Each structure stands twice: as structure tokens, then as C-alpha cells.
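Observations on chain architecture
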Amino acid sequence: QIELSSAPHATASALIGELGEICHTLGDAFDRHGIVLETKGVDPFNAIAAVPLQLHRERYEAMTRYFESIGPSGIRMMRQTASVQVNIQPGDDSLSRWSLLNRLAPALVAIFANSRRYENAETAHKSFRAHLWRTLDLSRTGLLFGGDAVDEYCEFALDARWMFRKSDDGDYQSYRESMGDALISEDWDLHLSTLFPEIRPKGFFEVRSPDVIESRWLAAPIAIIAGICYDQKTSDEATEMVAHCDADTLVRAGQHGVHDSALASLAKEVCDLALRGCETLGRDYLSEDDLDTVYDFVERYPANGRCPADDS
């Protein structure tokens, strides 16, 4: 896995431009060494045994021990998955945007599903990465869109198990149980960094739902998410459009992508709405060339009832 963390940018096209330059530089460098980079949401070739832990820091070794104690999805997530994570400003009405993004997550999974093969075999999922993320630990994943978002997330965090120490009985306890009266301790920030919901609050909203896709299409997830969020009229329409999306929708999105008829319709509606939002944001925010790329992506995939996984 190669992780790219860009600088923050004031416009979508500035971000897309930086990522394009980095991907081009990396591609050339690896090509000179005879290495082909594979842009998939999950390693399509290898079993987890062929991919040992690379970063032997206390954090990652503790996470490995914890995940190995509860099932295979966690260590596969750590070592064999890749996504596009788009950071969005909370805005003036952060709670509404938080709810919108959580409801939008299943559509993003379906539109950008790109991981249907694992260990050289077909899986039962268009996005096997989404399946791994969703099943790595039910105490720290999923969607959150309750009425009181702050309290809900706090309860979610307190109920997630503390993975860096076992109880005297040899079990992993929730953070609440493990810390007792010292809930907000120096370990709190560390614990928050081990939560893996579809949308993660970090002073901004980290949208974690799209599979990684070919670098030529990176404008699409960035522009679709920004177009939905940063134009108020579009946000209001999108809020109604995705109001029915829930945890079951998220499961279907990972399994079927846009081959689920209801998700196919939703994906087209979301993309059309996002493109209108991008048009409103203007060419200073998203250039003509980048907008054309997004239109091409939409025409090639969701408008045709396809997702990137169908190219495999």
C-alpha cells in the first residue's frame, strides 16, 4: 500500500492537480524498477499470510493482536485495503452535514466499488474492501446518524473496545470499562484514532467510503462529495434524496454496487445532483478539464449501471 496525504487546498482542482502530479511521479519511479502499481480497493492477488506487518510500532502490533483475536477482517484491512478519503469542512451547520455524509456513504460505496477479487478469486462483493471495513469490529465501524450526533459519537467511542490492554480476565473491554473513572485521559486521542466509521470527525469530516480508483478518475470522488456538500441547495436536495439510506443499504452497496436496481437509481441521482452542485461552485473551484473528467466518469460508470469493479 502507498498512502498519499495531500496538503489542504482551497479548491478541488488544486487538490486534484497535486494528486495527479504525485501519482505521475510515483508511477514513473516504480515503472523504472519494473513495478506495476495496481489501483484496487483490496489486494486482488495475495492471501494475508503473504503480507506480513511492515510497520513494527507499538500501535500497529497492538492493533494486530487485537484484530487477530476477533477475526480476519481487521488485519486484512490494515495491510491489504486502499480507499480514497476526502476531508470536508464541517461548515456552518456541521450536524446537518454530518448526517448527510453518513446517509450518503452507501451511494459512495456503490459508485466507486473497485475490489471484487481477493486471493485470485471472485468474492461475493463488488467492494470487498467495504466488507472488510464493515466487519473488522462492529464496535468501531458503521454509520452514525442519530438525533444528537455529538452524544451519539461519544457513546460510540466509549463503547468501542480499548485495544491496547486486556483486562485481568484476559479479555478486551470497552474504553468505558477499561478506563473506569478516568475516561478522558491521555489515551483518549489514541483511542479515537482507532475508530473506523464511514465518516470520521477530526475537526473536519473524513469521508472514507470510496474504494481507491485509477488516478485519472480521482477528480470524481473529490468533486462529487464537494459538489454535494459545498452548494447549499444541492445539500438540501441530497439530504432528502438519501434520507432512506441506512446500515442495510451500506451492506447492499458493498455487495452489489450499482447492480442493485435501487442503488443504481440512487447513484445516478446523486451524481446528477453533484454535477449541478459543481456547476454552481464555478470554474475557479473546479476547472473545465476536471469537470469534464467527472462527466466522463459518470457516463462510463453509474450512468451505464457499472462501477470500476466491472473493469476487472
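Everything below is about the structure printed above this text.
I will try to describe carefully the structure that is included in this document. As the structure is a computational prediction, the values presented were derived from the model and not from experiment.

**Notes on the overall build of the protein chain**
Each helix and strand counted, the protein chain has 13 helices and seven strands in total. Taken over the C-alpha trace, the protein chain has a radius of gyration of 19 Å; the compact-globule value for 312 residues is 20 Å, and the two agree within 12%. Here the C-alpha coordinates of the protein chain stretch approximately 60 × 50 × 35 Å along the principal axes. Within the protein chain, the fraction of its 312 residues that count as buried is 49%. In the protein chain, the share of contacts with a sequence separation of at least 24, taken over all contacts with a separation of at least 6, comes to 71%.

**Some thoughts on the environment of L250**
Mapping L250 onto the fold places it in helix α11 (residues 247-256). Separated by 146 residues in the primary sequence, L250 and L104 place their C-alpha atoms 9.5 Å from one another. With sequence-adjacent residues up to four places away left out, L250 is seen in contact with P106, V109, R134, L143 and E198.

**Quick look at a negative patch on the surface**
Together, D289, D292, D296 and E299 make up a region of like negative charge exposed at the surface. Its location among the elements puts D292 in helix α13 (residues 288-300).

**Side note on a nonpolar patch on the surface**
Together, I2, L4, I35 and L37 line one region of the surface with nonpolar side chains, adding up to about 310 Å² of accessible area. Mapping I35 onto the fold places it in the loop between α1 (12-32) and α2 (58-68).

**Comments concerning the side chain of H125**
Structurally, H125 can be placed in the loop between β3 (121-122) and α5 (128-135). Judged by relative accessible area, which is 11%, H125 ranks as buried. In this structure, H125 is in contact with S115, R116, H131, G254 and Q255, ignoring residues within four places of it in sequence.

**As for the environment of S209**
Note that S209 resides in the loop between β7 (205-207) and α9 (219-230). Owing to a relative accessible area of 1%, S209 belongs among the buried residues under this scheme. On a C-alpha basis, the gap between S209 and L101 in space is 10.0 Å, while along the polypeptide they are 108 residues apart. Apart from residues lying up to four places away in sequence, S209 is in contact with A105, L108, V109, R129 and E198.

**A word on α11**
For α11, every residue scored as buried is listed here: T249, L250, A253 and G254. Each buried residue of α11 lies within a common arc of 135° when the element is viewed along its axis, so the set occupies one face. Tucked into the core, α11 has its buried residues touching α4 (94-111), α5 and α12 (261-281). Backbone nitrogen of D248 and a side-chain oxygen of the N-cap are separated by 3.1 Å at the start of α11; the cap is D246.

**Quick look at the sheet that holds β7**
For sheets, the rule is that strands pair by backbone hydrogen bonds, running either parallel or antiparallel. Spatial strand order, β1-β7-β6: three strands in an open sheet with antiparallel pairing. Only two strands of the sheet have a single partner each, and these edge strands are β1 (86-88) and β6 (199-201). Across this sheet, the average inter-strand angle for adjacent strands is 25°, counted without regard to direction. Relative to β7, β1 runs antiparallel, the two being bridged by three bridges. Its bridge partner being in β7, V86 is matched across the sheet by V207. The strands that α9 touches are β1 and β7; relative to β1, the one it contacts most, it runs at about 15°.

Cut-offs and rules
- Residues numbered from 1 in each chain as written.
- Predicted model: local features only at pLDDT ≥ 70, side-chain atom pairs only at ≥ 80, totals over all residues.
- Heavy atoms only, no water.
- Helix = DSSP H or I, 4+ residues; strand = E, 2+ residues; numbered from the N terminus.
- Rg over C-alpha atoms; globule rule 2.2 N^0.38 Å.
- Buried < 20%, exposed > 50% of the residue type's maximum accessible area, 1.4 Å probe, protein only.
- Contact = heavy atoms within 4.5 Å.
- Patch = residues over 30% accessible without salt bridge, like charges linked within 9 Å, V, L, I, M, F, W, Y side chains within 5 Å.
- Areas by Shrake-Rupley, 256 points an atom, 1.4 Å probe, with all protein chains shown as cover.
- Salt bridge = Lys/Arg side-chain N within 4 Å of Asp/Glu carboxyl O.
- Lys, Arg positive; Asp, Glu negative; His and termini not counted.
- Charge placed at Lys NZ, Arg CZ, Asp CG, Glu CD.
- Arc of directions from axis to C-beta.
- Polar contact = N/O pair within 3.5 Å; in protein donor to acceptor, adjacent residues only side chain to side chain.
- Pairing = 2+ DSSP bridges.
- Axes fitted to C-alpha atoms, helices over the stretch in contact; angles between N-to-C directions.

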